[in-house]
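# Descriptive analysis of the structure
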Amino acid sequence: MMTQIFLNMASAVPDRQVRVSRIGGRYLVFDIEDVVHIRRHHGMCAVFVGTMPQNPTQSILLSVPIELYAEEAKLLVDKKAAYIVDDAADHLSQLKTMDSSARKAYFQSLKSQRKAAQRVFDDSKAKDRARHAHKVPKGKALPSSASAEVEDSLFGSGTSAPASVVAETVRLPAVTPTASNVLMPSSAMSDTAPIKVPPTYPLYAFLNARGYYITPGLRFGGDYSVYPGDPFRFHAHYLATYYGWDQKIPMLDLTTSGRLGTAVKKGFLMGAEKPTEEQDAEPDPTGKNVRVFCIEWAGM
Amino acid sequence: MATTTKPEAHLEALTKIVLNNLENQHDWTGAKAHTQANLPRPMIYGLPPKRLYVHPDEQIAIIKAEKNRSERIPQPPEVEWVLPLHLAEKWSPAQFAEVFDAINAIPPESNNEEKSADSENPDAQWKAWRGAKRGKRLLLATVQDDSTVIYYFMFDGLVKPRQN
């Protein structure tokens, strides 16, 4: 059934080029549409790393951007589903060549985003009011609407200009765009510098090609945690570790990993890539030369 | 004796320890050392007192079949492969691959009357897991110096874990 799902998934991949930003040696995806696309069609959930400016240390409600493993970035590029952009250089060069009409269009788009945000606020406030309307006694209706006004001005304090000057915009909430795709609709320069992947790349490619989702494996003491589908819906099946084809593995390592895997109801998966005849060949994106073994406690 | 310095002597002793442990601690029957030209060392096969491994998908097939016939399906043990190893050893994936390539999924002397099971009958789907559908697996029997032996299943390929 797993392969069935995978085949369906593979056959219906819409043509989309995901913009991957290379920033400080990390691979980030900012556009939520791209995030959804690679999760749905390429089996990559990556790690959400975006937090709130007001509370940068919180780590339970993380959002875009997502940070891709180098393996994931390389696999996407190899599958021609993404392109890498050196974000700092790209921003600078595009901003320098921007004409006034593009500037105007950008400000206009910001304004429409803020208007959209205001609409959402208004809608939810209206819903709240409707829900609580029957609870409030008639006599006390006045003070509650006054407090709602205070709330309005709190949300509307997005701009520092005096309220009287820009009366129209002062009520619009401030919006911090999470992606600059409006500013730069197309990336002129794709960064073709090779992506340095860890030696575990063949195992990643092998598992991804078979429809498995992968998250970092440190919490189970391996290279990867391997899920049979989206981690929102499934528990991990394996904790996976990559070894060299001729790498000598101490038996104690296999035993401890097997023991841990069984304790958390997973299999310990060890994978290795068989070297091919061709010298310095690129790793295969389907991991066809990878051989895997699974280890579980025998219960005796 | 001069033979004690030979590496085969060490393997012979290792095999004996595991055989002894299987027979006397785990009540296996018919446990036998098995040598083969393309195997790097002797292996063991034998019959455990109760069934050691049921694939999760086989379990589903069994439950379905049991629902239809409203009685439990007996699960006799299967003959298993055993690979004796010492804790101090280090093996590479290439070596494990060599062992798996050399063995059949079903060890010799298995009484696979299920092999000829009627594949048309959906009620007998579960039987295929004892024959054609059985993947290659072996028990890693790891020996420590105090003669503790621990057993781990090793499967060839992606085999999903059991729901213990």
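Conventions we followed
Residues numbered from 1 in each chain as written. Chains lettered and ligands numbered in written order. Predicted model: local features only at pLDDT ≥ 70, side-chain atom pairs only at ≥ 80, totals over all residues. Heavy atoms only, no water. UniProt positions renumbered as here; feature names shortened; annotations may be inferred. Helix = DSSP H or I, 4+ residues; strand = E, 2+ residues; numbered from the N terminus. Contact = heavy atoms within 4.5 Å. Buried area = accessible area lost by both parts, 1.4 Å probe. Salt bridge = Lys/Arg side-chain N within 4 Å of Asp/Glu carboxyl O.

Turning to the UniProt feature "domain: tRNA intron endonuclease catalytic" (unreviewed entry) in chain A, a few remarks are in order. UniProt tags residues 201-272 of chain A as "domain: tRNA intron endonuclease catalytic" (unreviewed entry). The span residues 201-272 of chain A shows a helical share of 31% and a strand share of 31%, and its end C-alpha atoms are spaced 10 Å apart.

The next point concerns the interface of chain A and chain B. At the interface, 36 residues of chain A touch 35 residues of chain B. Roughly 3,100 Å² of surface becomes buried between chain A and chain B when both sides are summed, with 64% attributable to carbon and sulfur atoms. Among the residues chain A hides against chain B, the three largest losses belong to Met-251, Glu-296 and Met-300 of chain A. Together they make up 27% of the total. Our enumeration of links across chain A and chain B arrives at three salt bridges. One salt bridge connects Asp-156 of chain B with Arg-291 of chain A, and the closest N-O pair in it is separated by 3.2 Å.

With numbering aligned to this structure, UniProt lists the feature "active site" (unreviewed entry) at Tyr-227, His-235 and Lys-266 of chain A. A compact arrangement is adopted by the annotated residues: their sequence extent is 40 residues, whereas the largest C-alpha distance between any two is 10.1 Å. For His-235 of chain A, the location among the structural elements is in the loop between strand 7 (224-227) and strand 8 (238-243). Ignoring any residue separated from it by four or fewer positions in sequence, one finds Lys-266 of chain A in contact with Phe-220, Ala-236, His-237, Tyr-238, Leu-239 and Gly-261 of chain A together with Pro-161 of chain B.

Glycine aside, the phi torsion of most residues is negative, and most peptide linkages are trans. In this chain, Val-64 of chain A is followed by Pro-65 of chain A through a cis amide linkage whose omega measures 5 degrees. Structurally, the position occupied by Pro-65 of chain A is in strand 4 (residues 63-68). Phi angles above zero are rare outside glycine, and Ser-70 of chain B is one such case at about 50 degrees. Along the chain, Ser-70 of chain B falls in the loop between helix 2 (56-69) and strand 3 (80-86).

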